[in-house]
Structures are given as C-alpha cells and as structure tokens.
Amino acid sequence: GFSRHVKDILETCPQAFAGAASGFTNLAFALDLTAPGAGWERIADLPAAPARQAAATAVVGDALYAIGGFSYTAPFTHREVFRLRRSTGAWSWERLPCDTPWPVCEAGAVGLGSRIYLVAGFDYFRAEGARAEDLHPEAGRHGNPVGHALFVLDTERLEAGWQRLADMPGTPRGDARA
C-alpha cells in the first residue's frame, strides 16, 4: 500500500518505505478475528517489485489473492497475480503464472466458489498526444477498454488464465469495488 501518515510504523519496521519517511510499501499484516485482542501480526511481505498500492484483492478458500496494482515506477500499473496462504504456521506469498491480460489498478475483485471475478479499473500511462501520464478507465495503453472489462480466473485451473466475459455496459469505471 501507500502511506503519507505513517504513525509509528517506522519504529517497528524501519525499512517499511525503503529508507524513505513514507510512500509505497509491501508490508503485510494479519488480524485473527477469533482473538482480536492479540492485535495485528506482521506476516510475509508481498514479493512485488516495485512496492505498490491499489491491487485488487479477493479471498478464495483459504487464500488471499492480490492482483495488479499501481506505483510511480514504470510500468506504473501492473499485471502480476500473487497468492497468500498459511501453511505449517507460516504465511507465504507466491507469484502465480496467470498475469492479467493488461495492466490494471483500482479494479474490483470478488471470489465466488473457486473463481475470481475482476471488473473495471484503471491503466496509468501517457495517452497519445498527452503531456503526462494519467489514470485511464476508458482505454488501455493498447486500446483495451480497461474500465469496461470483466474477467474470470478459476483458481483450480490457473493454466487456463483469465477469461474475458461480456464487457460491463455504461460508463467506464475505475475505483471499482465488488
């Protein structure tokens, strides 16, 4: 994620922002809702480089999936998919072999059964004729309608990759939540 107001995190995690006072970080924490008094537990860092925010997340079974995301380092928006699971008492992330079809951040994601549905979002790039990079839901850097797209990934058939479903009608959307 990203933080400008870091409170006391640098006291316990001095490298949270790669030596900076604030910014993007890959720190991860878990809260056991059966024992909330125990507080937040520091777990394995997301192995994404660069650190990023605005990844879409979904839970399927006993795993958390983090999809895409945004940073101010090229390529700005990302395609990777990571899975977090707890095994033999330890949390671990793995990068999955099923990148999204194009870069996306601020998309909505939901897990239903063994599937993850990913809808809408932004790509961040310099559009033709533009003076600077910007968030675009209406197009992607290769003409894809990022803010209209709906995809599904079956977590039991990762080798099949993301399958495109019918585009969402209406205005392209970013900052989608499922």
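What you are looking at is a predicted structure, and each value in this text was computed from that prediction instead of being measured.

Caption draft 1: Representation of the pairing of strand β7 (residues 81-87) within the structure. Summarising the sheet, strand β6 (residues 63-67) and β7 pair through four bridges and their orientation is antiparallel. From the neighbouring strand, A66 faces β7, where its bridge partner is F82. Relative to strand β8 (residues 90-95), β7 runs antiparallel, the two sharing six bridges. Following the sheet pairing, S87 is matched in β8 by A90.

Caption draft 2: Quick look at the sheet that holds β8. Sheet architecture is open: four strands sit in the order β5-β6-β7-β8, paired in antiparallel fashion. Whereas interior strands pair on both sides, the edge strands pair on one side only; in this sheet they are β5 (56-60) and β8. Within this sheet the neighbouring strands show an average axis-to-axis angle of 20°, counted without direction.

Caption draft 3: Focus on the sheet that holds strand β14 (residues 163-164). In space, the four strands of this open sheet follow the order β9-β10-β13-β14, with antiparallel pairing throughout. The open sheet has two free edges, formed respectively by β9 (108-112) and β14, since each of these has just one partner strand. Taken together, the five bridges between strand β10 (residues 115-119) and strand β13 (residues 150-154) define a ladder with antiparallel strand orientation. Its bridge partner lying in β13, I116 is registered against L153.

Caption draft 4: Just unusual backbone geometry, in detail. The residue after A49, namely P50, is reached through a cis peptide bond having omega 0°. Along the chain, P50 falls in the loop between β4 (40-43) and β5. Phi angles above zero are rare outside glycine, and F76 is one such case at about 75°. Tracing the sequence through the fold places F76 in the loop between β6 and β7. F76 gets classed as buried once you look at its relative accessible area, which sits at 18%. Positive phi is not limited to glycine here, since A120 has a value of about 60°. Mapped onto the secondary structure, A120 falls in the loop between β10 and β11 (123-125).

Caption draft 5: Here's a closer look at the pattern of salt bridges. Applying the stated criterion across every chain yields a total of ten salt bridges. Where R86 meets E41, a salt bridge forms, and the shortest distance between an N and an O atom there is 3.9 Å. Of this pair, R86 sits in strand β7 while E41 is found in strand β4, placing the two residues 45 residues apart along the sequence. Among the residues examined, R86 registers a relative accessible area of 42% and is labelled partly exposed. Here E41 falls in the partly exposed class, since its relative accessible area comes to 35%. As a salt-bridge pair, E133 and R126 come within 3.8 Å of each other at their nearest N and O atoms. Classification of R126 by relative accessible area gives partly exposed; the value is 47%. Three or more residues joined by partner-sharing salt bridges are found here, namely R83, R85 and E94.

Caption draft 6: View of the environment of G174. Among the secondary structure elements, G174 is positioned in the segment after β14. Note: C-alpha distance between G174 and A120 (54 residues apart in sequence) is 5.8 Å.

Conventions used here
- Residues numbered from 1 in each chain as written.
- Predicted model: local features only at pLDDT ≥ 70, side-chain atom pairs only at ≥ 80, totals over all residues.
- Heavy atoms only, no water.
- Pairing = 2+ DSSP bridges.
- Helix = DSSP H or I, 4+ residues; strand = E, 2+ residues; numbered from the N terminus.
- Axes fitted to C-alpha atoms, helices over the stretch in contact; angles between N-to-C directions.
- Buried < 20%, exposed > 50% of the residue type's maximum accessible area, 1.4 Å probe, protein only.
- Salt bridge = Lys/Arg side-chain N within 4 Å of Asp/Glu carboxyl O.

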